[in-house]
Amino acid sequence: MSLSRSQVAPEGSPKSSREVAVGRDPRPESEPPDAASPASREPPATAQGQEWPESSPSGQASEQRPESMELEYPPAQESGTRDLSLGQPEIQTPQAAGRRRCHTDCLEAPLSRAFGRLGWAVGEHPWFFLLAPVLLTVALGSGLLYLPREEKEDLEEQYTPIGGPAKAERRFVQAHFTTNDSYRFSAARRSTEASFASILVVSKADSLLEEDTFAEVSRLDDVVQSLSVGQANGTQIPYAQVCAKHRDVCVAPNPLLYTWQNNTRLDLRNVTFPAFYHEGSPIYLTGFFGGNTLGKRMGENRLLLGTKALRLLYYLKTERLEDKLQSRQWLTHFLNQFNNIKNRLNLKKIKVVHFTSLSRQLEFAATSKTVIPLFHLAYILIILFSITSCYRLDCVRNKIWVAVFGVICAFLAVVSGFGLLLHIGVPFVIIVANSPFLILGVGVDDMFIMISAWQKTSLIESIRERMYNVYSKVAVSITITTITNILAFYTGVMSSFRSVQYFCIYTGTTLFFCYIYNITCFGAFMALDGKREVVCLRWLKKPETPDQKGSLLKKFCFPFGSVVDEQKTDVHPMNIFFRDYFGPFLTNTRSKFFVVMIYILYLASSIYGCFRVQEGLDLRNLASDDSYITPYFNIEEEYFSDYGPRVMVVVTKSIDYWDEEVRQKLEKCMKDFEKNDYVDANLTEFWLQAYVQYMKRNGQDPNDKNAFMNGISGFGNYFPAFIHDINISSSNEIISSRGFIQTVHVSSSVSKKTMLFQLRSIAEKCEIPLLVYNQAFIYFDQFAAILENTVRNVMVASAAMFIVALLLIPHPVCSLWVTLAIASVIVGVTGFMAFWNVNLDSISMINLVICIGFSFDFSAHISYAFVSSSQPSVNGKSIEALYELGYPVLQSAVSTIIGVCVLSAAKAYIFRTFFKIMFLVMVFGAVHGLVFIPVFLTLF
């Protein structure tokens, strides 16, 4: 939105000196008015009863104006115009006006003159300024050829914080510990997410622990393991070839099911949880069964009376590139065939849902295709709104085609901005697909302002003079709001999330092109349409013969029969509404009291909501609503949320493990972990404890260095699972080792964040150098980073807005109210996010940054119009500010809401969230500008 006090009074205002028709400057037409010449200043109004000599149709004055007429007279009162001063306006001399404005236009005045010259040039050479941007768009638009088609987006790269602690922890683990998917696979020991297919089985009865139900699950497992995918050369890739192995056998998808398949006489009523001992060996069931009903305690475990759901996990090999490619082919085939498998098996006792390590990325990529039809719909709606806003009842001043071309200019800006950034290699991420909807809504705002200023010029002026007046009055305003919006976006480059960085770069750059095209391409089209106005008016002014009177064509052009007066400016009914109805109603004492009460309620609700906002991006929201992964995550949350990730506790430096005092310190740290509320103390796994017991059983001294180091190889033969937990250097020194703890009750974003902080805090306080890590921590880090990033970006952007306000609208009261309004809108949007089920994540953080720019637009110029008003009463100042800027504020908010409203119909959370927050930003921003600020300014 682009508004400024520097523009003339709006449509329908009393005629002021800035609106009276002026004759053409006596100098050559190709030369723009000079800043020092009388023609470059605002033309003086005539005193009541005095008229200027009539101008020729071409706009050339028949007589030169007298030099003595340089005083600014009070506005002449039009019939039907409300006297906002509530009394006789005082006569202002240029010196008095200069004293009132000298402290506010030190930058605005020279910029206004410079833009006026640009407007003169656009009016002089419209075809050049029209075609040059079009050719530039064609050249830059070729960059759209680089738009990614099938390339899969790296979710970790784009939606996790850059330089997150977990990424450094992962690098350490990868450098010090190895895995072996082909012989000794262990999911908990992997530093990265394994390649897998997962099936959740939910019993239709009370419990799965029945032989006939297990038989049905076993049939499903057999079919999945029998899947083979054909290659182009005719060979098959069976599951046995790509599965991760333990001792040459595929890792069991469910340990209890595997045990039952090998021994169908196993009594399922005697199973214990979380560990079940079979033939002397423990079988850990955490993560494989959910919705459990537990009975009496049996040692450290409890009897598993019933269970509602189980998990089948099919791990695949990925260590070699060939294995990785074959595993991906098998997973793709699994996804394609799973529904056929369900239908073929005709499962009676269970229902199943599925998910793979590829699913999240594939489904996220598919969401971008769902918004392409919505973009077309948004384009049509914006065109219809622009036509409706700019429609007039006479064919001369009608701006339908100008409005349509203004929307086209926004589209050209999108093509140019996106094309340029793709040319230089800025990655295009799916979240950037939101940007065109925002640009369409915001891009037409400047168009409304320019059309409004054009309609305040007189038809008898030349095109160059009209363009000079338009640009000198509104181009500075457009520039101010463009700078603030672009600055708000480019502050997002400081974010720790690459998706936010790329979105802000694309949107900020496209807004810049939108601004350039508005003051060149759109202005040129408006100048050409001005020539149409002149031609049309000349045709209508031709003398009519008796048989031409009452012609259908003229009735069509002027349905109410009144031909336009070329010396008058256009009047819009909405300006009259804000002046005669809305403004007086809002400044009524009872209305002010009601507005204050509404604001207190709004602020209290917003602050309450701020404390209830959830942090972090729920990964299920990266897919569309009808995706198969949504029910999978819902069932997982319902039945498998008791146990969280299995966390590595890594000793990061070489220590004397044979020193009993050192072992006690390490043991104390492990006990501290086990005492944590988010850790199950019964499921800790640590090689050192087992090794010390092993040495004591064998009569060896664990405090002897040589005995300690020499016995590790034999220990590995008895306990092969610990082989990959001890990193021994070539000099026979343990440079690093690790144990494992089991987390519990970490289903919500708050609990994940708290658990991560507490575990890292315990590791930092330990006297032994430790770190904690699980591959899920890569995503958990966003919970810690998102709030910090949001606060930092909001503060930097707000500071930038404040500086712009001081420089370009340097009134201290205005700057204060701008800052307060920005803070108020941000609090409101953040608080109401909680009521609309929107998390504080990388997507909503973008919108909060956008919120700052729009808050500036809505608030800065309303407050500046108030403090700059010449009305003697505060109510009069408020009414005048609403009269001048109320309709453009409303147009801006509505156009942007229309641009993004189609995203409310999107099937993906990522797009609906964009709509929700932009809707809140527009509504709260407009309400602040049109209701709260005008009232508070009268009170304070």
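Treat the numbers as computed from the prediction; the structure is a model and nothing was measured.

Novice: What exactly am I supposed to notice about the nonpolar core here?
Specialist: A general tendency of soluble globular proteins is for nonpolar side chains to be buried together. Judged by nonpolar contacts, the single largest core of 209 residues is most densely connected at Phe-673, Trp-687, Phe-708 and Leu-770. In this structure, Trp-687 is in contact with Tyr-657, Phe-708, Phe-715, Phe-722, Asp-725, Ile-726, Ile-734, Ser-737 and Arg-738, ignoring residues within four places of it in sequence. In terms of nonpolar packing, the next biggest core, distinct from the first, is built from 63 residues, Val-251, Phe-273, Phe-338 and Ile-635 among them.

Novice: I'm lost on the confidence of the model for the protein chain in this one. Help?
Specialist: Caution applies to low-pLDDT parts of the model: their predicted coordinates are not meant to be read in detail. Taken over all residues, the pLDDT of the protein chain has a mean of 80, while the share at 70 or more is 83%. Of all the helices and strands in the protein chain, helix H1 (residues 94–101) carries the lowest mean pLDDT, 42, while strand S16 (residues 770–773) carries the highest, 95. Low pLDDT (under 50) marks residues 1–29, which in the prediction has 120 contacts with non-local residues, meaning those over four places away or in another chain.

Novice: When you look at the state of the cysteines in this model, what are you seeing that I'm missing?
Specialist: By the definition in use, this model includes two disulfides. With a sulfur-sulfur separation of 1.8 Å, Cys-243 is cross-linked through a disulfide to Cys-250. Torsion about the S-S bond of the Cys-243 and Cys-250 cystine: about -65 degrees, corresponding to left-handed handedness. Disulfide pairing places Cys-669 opposite Cys-766 at an S-S distance of 1.8 Å. Taking the sign of the S-S torsion, about 90 degrees here, the bridge from Cys-669 to Cys-766 comes out right-handed. On the criterion of sequence distance, the pair formed by Cys-669 in helix H20 (residues 660–675) and Cys-766 in the loop between helix H24 (749–765) and S16 is long-range, its members being 97 residues apart. According to the relative accessible area criterion, Cys-669 is buried, its value standing at 5%. Taken in sequence order, the bonded cysteines of the protein chain link in the pattern 1-2, 3-4. There is no disulfide at Cys-409, and the cysteine sulfur nearest it, in Cys-521, is 4.0 Å away. Residue classification places Cys-409 among the buried residues on the basis of a relative accessible area of 1%.

Novice: Would you mind showing me how to read the packing of aromatic side chains here?
Specialist: Aromatic rings in a pair are described by how distant their centres are and how their planes are angled relative to each other. A complete count under the given rule lists 51 aromatic pairs for this structure. Residues Phe-273 and Tyr-643 carry aromatic rings whose centres are separated by 6.0 Å and whose planes lie at 65 degrees to one another, so their mutual orientation is edge-to-face. In this pair, Phe-273 is assigned in strand S6 (residues 272–273) and Tyr-643 in strand S12 (residues 643–651), connecting sequence segments 370 residues apart. The class for Tyr-643 is partly exposed, based on a relative accessible area of 23%. Here the aromatic rings of Phe-418 and Tyr-506 are separated by 5.1 Å at their centres, their planes lie at 75 degrees, and the arrangement is edge-to-face. Of this pair, Phe-418 sits in helix H12 (residues 400–423) while Tyr-506 sits in helix H15 (residues 498–541), and the two are 88 residues apart along the sequence. The class for Tyr-506 is buried, based on a relative accessible area of 0%.

Novice: Teacher, can you tell me more about the pairing of strand S7 (residues 275–278) here?
Specialist: The side chains of a regular strand alternate between the sheet's two faces. Summarising the sheet, S7 and strand S8 (residues 281–284) pair through four bridges and their orientation is antiparallel. The partner of Ala-275 across the bridge, within S8, is Tyr-284. Turn length for the S7-S8 hairpin, with the two strands adjacent in sequence and antiparallel, is two residues, and the turn residue Glu-279 shows positive phi of about 55 degrees.

Novice: Please clarify how the side chain of Thr-457 should be interpreted in this entry.
Specialist: Examined against the element boundaries, Thr-457 turns out to sit in the loop between helix H13 (435–454) and helix H14 (463–490). Residue Thr-457 is classed as buried on the basis of its relative accessible area, which comes to 2%. Polar side-chain contacts of Thr-457 include one of 2.4 Å to the backbone oxygen of Trp-454.

Conventions and cut-offs
Residues numbered from 1 in each chain as written. Predicted model: local features only at pLDDT ≥ 70, side-chain atom pairs only at ≥ 80, totals over all residues. Heavy atoms only, no water. Core = buried A, V, L, I, M, F, W, Y, C linked by side-chain atoms within 4.5 Å. Buried < 20%, exposed > 50% of the residue type's maximum accessible area, 1.4 Å probe, protein only. Contact = heavy atoms within 4.5 Å. pLDDT = per-residue confidence, 0-100. Helix = DSSP H or I, 4+ residues; strand = E, 2+ residues; numbered from the N terminus. Disulfide = S-S within 2.5 Å. Phe/Tyr/Trp six-rings, centres within 6.5 Å; stacked < 30°, edge-to-face > 60°. Pairing = 2+ DSSP bridges. Polar contact = N/O pair within 3.5 Å; in protein donor to acceptor, adjacent residues only side chain to side chain.

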